[in-house]
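Now for the letters of each chain:
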Amino acid sequence: MNQEWVLCHQQQRVRTLTLNRPEVRNALSNDCLEQLVWQLEQADSDDGTGAIVITGSSRCFAAGADLKELQQQTVARAMTDRRPQLWQRLNNINKPLIAAVNGYALGAGCELALACDLVICGETARFGLPEVTLGLIPGAGGTQRLIRSVGKSLACQMVLTGEAIDAQRAQQAGLVSEVCTDALTVERAEQIAQRISEFSLLALRAAKAALKTAQETALSQGLLAERQQFVALAGTVDRQEGIAAFLEKRKPNFKGS
């Protein structure tokens with residue numbers, strides 16, 4: 001992997017990863033996805049990083065998988081492809097992930113946005129899963145995450161027609177948390193990431209784990225998992241510091257312990 005397909009920038013406790021394959025509209029080839037996952041894992045293990053922003057260019061977040069790779073793929077190759085393992089490693093990232101989306105987020109690009117914890121997008125952003133137009137279906141969680149984000153009817157319409165939705169529809173449906181002007185998308189995502197990064201890493205990890213459980217299990221299991229995370233935090237130094245700082249009307253100094 002000699003190409004630098006993922007650029008990394010750190011400011012304070014926020015790490016921003018920028019997809020950098022403009023010649024193919026940031027198509028997520030296996031090698032590009034592996035670079036992204038590697039960078040995410042480095043950020044996840046760095047105590048100096050509290051939150052991570054993933055973005056693309058001003059015109060395109062990511063336009064899907066690499067079709068030239070898919071064209072060469074046989075059934076046997078599909079069964080042994082490393083791609084599912086790469087997506088699983090991405091799903092295992094413990095720190096908050098924020099997608100800053102401008103332009104098109106299609107196919108694997110949309111799936112990448114869906115795999116993040118929250119999405120900030122520009123006014124001209126568009127989200128879609130057009131795989132059916134190529135004789136395919138989404139293969140990196142698109143059908144499963146989209147229906148959990150926007151509901152059955154809209155998810156079916158998007159997947160079965162291959163048609164994209166605009167930023168306003170995405171926000172109304174719950175896929176996106178905020179829409180802003182294109183020029184401010186990354187800045188706004190980094191502002192949110194900076195606020196998040198000021199909190200206890202232990203609390204953030206527990207909160208993210210509880211939220212993921214809510215999407216993947218029944219309510220009773222989710223409530224149990226939430227309580228377990230709550231109890232686990234009771235013995236941390238950060239919890240004591242947070243409460244003390246509130247009572248003393250000062251800013252907490254979290255140590256991640």
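Quick caveat, the model's predicted, so the values are computed rather than measured.

**Points about the overall build of the protein chain**
Logical step 1: Across its full length, the protein chain carries twelve helices and ten strands.
Logical step 2: Relative to the globule expectation of 18 Å for 257 residues, the C-alpha radius of gyration of the protein chain, 19 Å, shows essentially globular dimensions.
Logical step 3: Counting only C-alpha atoms and orienting by the principal axes, one finds that the protein chain spans roughly 60 × 40 × 35 Å.
Logical step 4: Summing over all exposed atoms, the protein chain offers an accessible surface of approximately 13,700 Å²; the carbon and sulfur share of this is 53%.
Logical step 5: Charge-centre separation for the protein chain: the mean point of 27 positive side chains lies 4 Å from the mean point of 27 negative side chains.

**Brief notes about the packing of aromatic side chains**
Logical step 1: Overall, the coordinates contain zero aromatic pairs when judged by the stated rule.
Logical step 2: The residue whose ring lies beneath Arg21 is Trp5, and the NZ or CZ to ring-centre distance is 4.7 Å.

**Comments concerning the domain arrangement of the protein chain**
Logical step 1: Per the domain assignment, the segments of the protein chain are domain 1 (6-198) and domain 2 (201-248).
Logical step 2: Each of domain 1 and domain 2 was reduced to a C-alpha centroid, and the two centroids are 26 Å apart.
Logical step 3: Contacts between domain 1 and domain 2 engage 13 residues on the former and six residues on the latter.
Logical step 4: Each partner contributes to the roughly 830 Å² buried at the junction of domain 1 and domain 2, and carbon and sulfur atoms together form 49% of this total.
Logical step 5: Its largest share of buried area at the contact with domain 2, domain 1 owes to Asn91, Asn94 and Arg148, together 44% of the area lost on that side.
Logical step 6: Inspection of the domain 1/domain 2 interface yields one salt bridge.
Logical step 7: Of the charged contacts in the structure, one is a salt bridge between Asp117 and Lys208, with a shortest N-O distance of 3.0 Å.
Logical step 8: Within the side of domain 1 that touches domain 2, the residues separate by chemical class into four nonpolar, four polar and five charged.

Rules used in this analysis
Residues numbered from 1 in each chain as written. Predicted model: local features only at pLDDT ≥ 70, side-chain atom pairs only at ≥ 80, totals over all residues. Heavy atoms only, no water. Helix = DSSP H or I, 4+ residues; strand = E, 2+ residues; numbered from the N terminus. Rg over C-alpha atoms; globule rule 2.2 N^0.38 Å. Areas by Shrake-Rupley, 256 points an atom, 1.4 Å probe, with all protein chains shown as cover. Lys, Arg positive; Asp, Glu negative; His and termini not counted. Charge placed at Lys NZ, Arg CZ, Asp CG, Glu CD. Phe/Tyr/Trp six-rings, centres within 6.5 Å; stacked < 30°, edge-to-face > 60°. Lys NZ or Arg CZ within 6 Å of the ring centre and 35° of its normal. Domains from an automatic or database assignment. Contact = heavy atoms within 4.5 Å. Buried area = accessible area lost by both parts, 1.4 Å probe. Salt bridge = Lys/Arg side-chain N within 4 Å of Asp/Glu carboxyl O. Nonpolar A, V, L, I, M, F, W, Y, C, P; charged D, E, K, R; others polar.

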